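Structural overview
Listed below are the residues making up each chain.
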Amino acid sequence: QVQLVESGGGLVQAGGSLRLSCAASGRTFSRYTMGWFRQAPGKEREFLAAIWWSTGTTYYADSVKGRFTISRDNAKNTVYLQMNSLKPEDTAVYYCAAKNSIVVTTTTGYDYWGQGTQVTVSS
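Attention in this report is confined to the structure presented alongside it.

Reading the values: rules and limits
Residues numbered from 1 in each chain as written. Predicted model: local features only at pLDDT ≥ 70, side-chain atom pairs only at ≥ 80, totals over all residues. Heavy atoms only, no water. Helix = DSSP H or I, 4+ residues; strand = E, 2+ residues; numbered from the N terminus. Buried < 20%, exposed > 50% of the residue type's maximum accessible area, 1.4 Å probe, protein only. Contact = heavy atoms within 4.5 Å. Areas by Shrake-Rupley, 256 points an atom, 1.4 Å probe, with all protein chains shown as cover. Lys, Arg positive; Asp, Glu negative; His and termini not counted. Charge placed at Lys NZ, Arg CZ, Asp CG, Glu CD. Disulfide = S-S within 2.5 Å. Core = buried A, V, L, I, M, F, W, Y, C linked by side-chain atoms within 4.5 Å. Pairing = 2+ DSSP bridges.

Before going further, it helps to examine the overall build of the chain. Secondary structure assignment for the chain yields 0 helices and 11 strands. In the chain, the succession of α and β elements from N to C terminus is β-β-β-β-β-β-β-β-β-β-β. Projected onto its principal axes, the C-alpha coordinates of the chain cover approximately 40 × 25 × 25 Å. Burial statistics for the chain: of 123 residues in total, 43% are counted as buried. Of the contacts made within the chain by residues no fewer than 6 positions apart, 57% connect residues no fewer than 24 positions apart. Counting every atom, the chain has about 6200 Å² of accessible surface; 46% of that belongs to carbon and sulfur. Across the chain, the centroid of the 12 positively charged side chains sits 6 Å from that of the 8 negatively charged ones.

Here it is in structure tokens:
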């Protein structure tokens, strides 16, 4: 049973930074792609970034490229999302997801999801 548990959300002022964590368990993830998504109230879920666990190959949405960085720690089975220069429009629930695929550039096909962590950016 795959389990993904996000943490690290909270309240931050505009211009600040947060690092989200996603602890993964339940299987070997070497052939999995891990992704970060977010959903703001009244909006559709938005893809942010993905990483192929085996090689660390990454892919970003244009909206966060240069501000957000996805990474993973193999020893801790944890994926991170470092978020810098945060803006009020980054306010959303952030989700970690996993798919059994090595293709990081497709934003669909994610089978497993965490419960989400709230990020609120004040102006």
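Having seen the structure, we can now continue with the description.
Tallied over the entire structure, the rule returns 1 disulfide. Covalently, Cys22 is tied to Cys96 through a disulfide, its sulfur atoms 2.1 Å apart. Disulfide Cys22 to Cys96: torsion about the S-S bond roughly -70°, handedness left-handed. Of this pair, Cys22 sits in strand 3 (residues 18-25) while Cys96 sits in strand 9 (residues 92-99), and the two are 74 residues apart along the sequence. For Cys96, a relative accessible area of 0% translates into the label buried.

So, on to the nonpolar core. Here is a general trend for soluble globular proteins: nonpolar side chains tend to be buried in one another's company. Counting 38 residues, the largest nonpolar core has Met34, Trp36, Leu81, Met83 and Tyr94 as the members making the most contacts within it. Those elements that place two or more of their residues in this core are strand 3, strand 4 (33-39), strand 5 (46-52), strand 7 (68-73), strand 8 (78-83), strand 9 and strand 11 (117-122). At 6 residues, the largest contribution of residues to this core is made by strand 5. Among all residues touching Met83, those that are not within four sequence positions of it are Gly16, Ser17, Leu18, Leu20, Arg67, Phe68, Tyr94 and Val119.

This part takes up the pairing of strand 7. As defined by bridge partners, strand 7 adjoins strand 8 across 6 bridges and the pair is classed as antiparallel. Its bridge partner lying in strand 8, Ile70 is registered against Leu81. Counting the residues that bridge the hairpin from strand 7 to strand 8 gives 4 residues, and of these Asn77 lies at a positive phi of roughly 50°.

Right, let's talk about the environment of Val64 for a bit. Along the polypeptide, Val64 turns up in the loop between strand 6 (58-60) and strand 7. Residue Val64 is classed as buried on the basis of its relative accessible area of 0%. Separated by 45 residues in sequence, Val64 and Gly109 have C-alpha atoms that sit 21 Å apart.

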